[in-house]
Amino acid sequence: MTSFEELDYSETPLGALELRRRRPPSMPDTWVYEVKLDDRFLMSSLNHASEEALAEVGLAFLAEGHNAPSAPWTVMIGGLGLGHTARAALEDDRIGELEVHELLPAVIRWHESGLVPLGQGLCEDSRCALIEGDALETLARGPEQQGTPTWDAVLIDIDDSPEHLLAEGHSEFYSDAGLGGLLASLKPGGIAAIWASLPVEGFDARVRQVFGNCVVHDAVFHNALLMEDEFNPIYLARRDD
């Protein structure tokens, strides 16, 4: 029985992107899908609890606001990956439109061709659109790019943290000006949720300075690859006007 396959390989502006799957010795009947960028391990289908938490916690935060917008909601996700955040978001019937912005066209192709397990379901959901483009650049520009506030919720899962970036150009998004663009991209009562693999000292204060509020939720999960519990912070902020 085959235990390892490289499903796709492509050169991208960020480096060599590889999609592969393997059967771990401890789970011989299970395919685990993994994504690498150069020598950097990005994600695994074995660990997706915090990606799902990004959607669940973010949408719960949206709903509990005193001026929460009425459903159906228009939601943006920055970063497609293996699709776990998008899939979790679509479980919420209050979403009317979901735009998933992904910089690398190869990642969108994985889903459209059914190369990854969640791809067919995402592509068949009429509420969901996979859009090629730089989500962070779009958001940082705010109304300059979009004209008017666009989203009830923006969920970001792209960089490991505001200090550990996939691309140097992303730093602009995490600046006061970039976060100001994010704020301006939200409808009144809308929320932003930013995932990170580890906390960054002072980032919550920076978000609070721009938005006037910030809550940090620790998404705790069991890392089956490392056989230990971990947590990922999710920074939550609301356009409260």
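Residues numbered from 1 in each chain as written. Predicted model: local features only at pLDDT ≥ 70, side-chain atom pairs only at ≥ 80, totals over all residues. Heavy atoms only, no water.

Undergrad: Run through the overall build of the chain, naming residues and quoting values.
TA: Scanning the chain for helices and strands turns up eight helices and 11 strands. Against the 2.2 N^0.38 benchmark of 18 Å for 241 residues, the chain shows a C-alpha radius of gyration of 17 Å, consistent with a compact globule. Counting only C-alpha atoms and orienting by the principal axes, one finds that the chain spans roughly 60 × 40 × 35 Å. Considering only intrachain contacts with a sequence separation of at least 6, the fraction spanning at least 24 residues in the chain is 63%. (Helix = DSSP H or I, 4+ residues; strand = E, 2+ residues; numbered from the N terminus. Rg over C-alpha atoms; globule rule 2.2 N^0.38 Å. Contact = heavy atoms within 4.5 Å.)

Undergrad: Quick rundown of the environment of Ala 193? Include the residues and the values.
TA: Position of Ala 193 relative to the elements: it lies in strand β9 (residues 186-195). Here the alpha-carbon distance between Ala 193 and Tyr 235, two residues 42 residues apart in the chain, equals 5.5 Å. The contacts of Ala 193, once residues within four sequence positions are left out, are Leu 54, Gly 58, Val 154, Leu 155, Ile 156, Ile 234, Tyr 235 and Leu 236.

Undergrad: I'd like a description of the pairing of strand β4 (residues 40-44), backed by residues and values.
TA: Pairing geometry for strand β3 (residues 32-37) and β4, over four bridges, is antiparallel. Within the sheet, the bridge partner assigned to Glu 34 lies in β4 and is Ser 44. The loop that links β3 with its antiparallel partner β4 comprises two residues; one of these, Asp 38, has a positive phi angle of about 55°. (Pairing = 2+ DSSP bridges.)

Undergrad: Explain helix α8 (residues 203-211) residue by residue, including any values.
TA: Buried within α8 are the following residues: Phe 203, Val 207 and Phe 211. Along the axis of α8, the buried positions cluster into a sector of 60°, meaning they face one direction only. Gly 212, located one to two residues past α8, shows a positive phi value of around 90°. (Buried < 20%, exposed > 50% of the residue type's maximum accessible area, 1.4 Å probe, protein only. Arc of directions from axis to C-beta.)

Undergrad: Outline the environment of Arg 109, supporting the account with residue identities and numerical values.
TA: By secondary structure assignment, the location of Arg 109 is in helix α3 (residues 105-112). Here the alpha-carbon distance between Arg 109 and Leu 130, two residues 21 residues apart in the chain, equals 9.8 Å.

Undergrad: A description of the packing of aromatic side chains should follow, citing residues and the corresponding values.
TA: Considering all chains together, one arrives at three aromatic pairs under this definition. Between the aromatic rings of Phe 173 and Tyr 174, the centroid separation amounts to 5.0 Å while the plane-to-plane angle is 80°, which identifies the pairing as edge-to-face. A centroid spacing of 4.9 Å and a plane angle of 90° characterise the contact between Phe 203 and Tyr 235, whose relative ring orientation is edge-to-face. A residue pair is termed long-range when its members are at least 10 positions apart, and Phe 203 in helix α8 and Tyr 235 in strand β11 (residues 228-238) qualify at 32 residues. Taking relative accessible area as the criterion, Phe 203 reaches 0% and is therefore assigned buried. Taking relative accessible area as the criterion, Tyr 235 reaches 4% and is therefore assigned buried. These aromatic residues form a ring-pair network of at least three members: Phe 173, Tyr 174, Phe 203 and Tyr 235. Seen from the ring of Trp 31, Arg 21 lies directly overhead, with NZ or CZ sitting 4.0 Å from the centre. Its guanidinium or amino end placed over the ring of Phe 61, Arg 238 lies 4.1 Å from that ring's centre, counting from NZ or CZ. (Phe/Tyr/Trp six-rings, centres within 6.5 Å; stacked < 30°, edge-to-face > 60°. Lys NZ or Arg CZ within 6 Å of the ring centre and 35° of its normal.)

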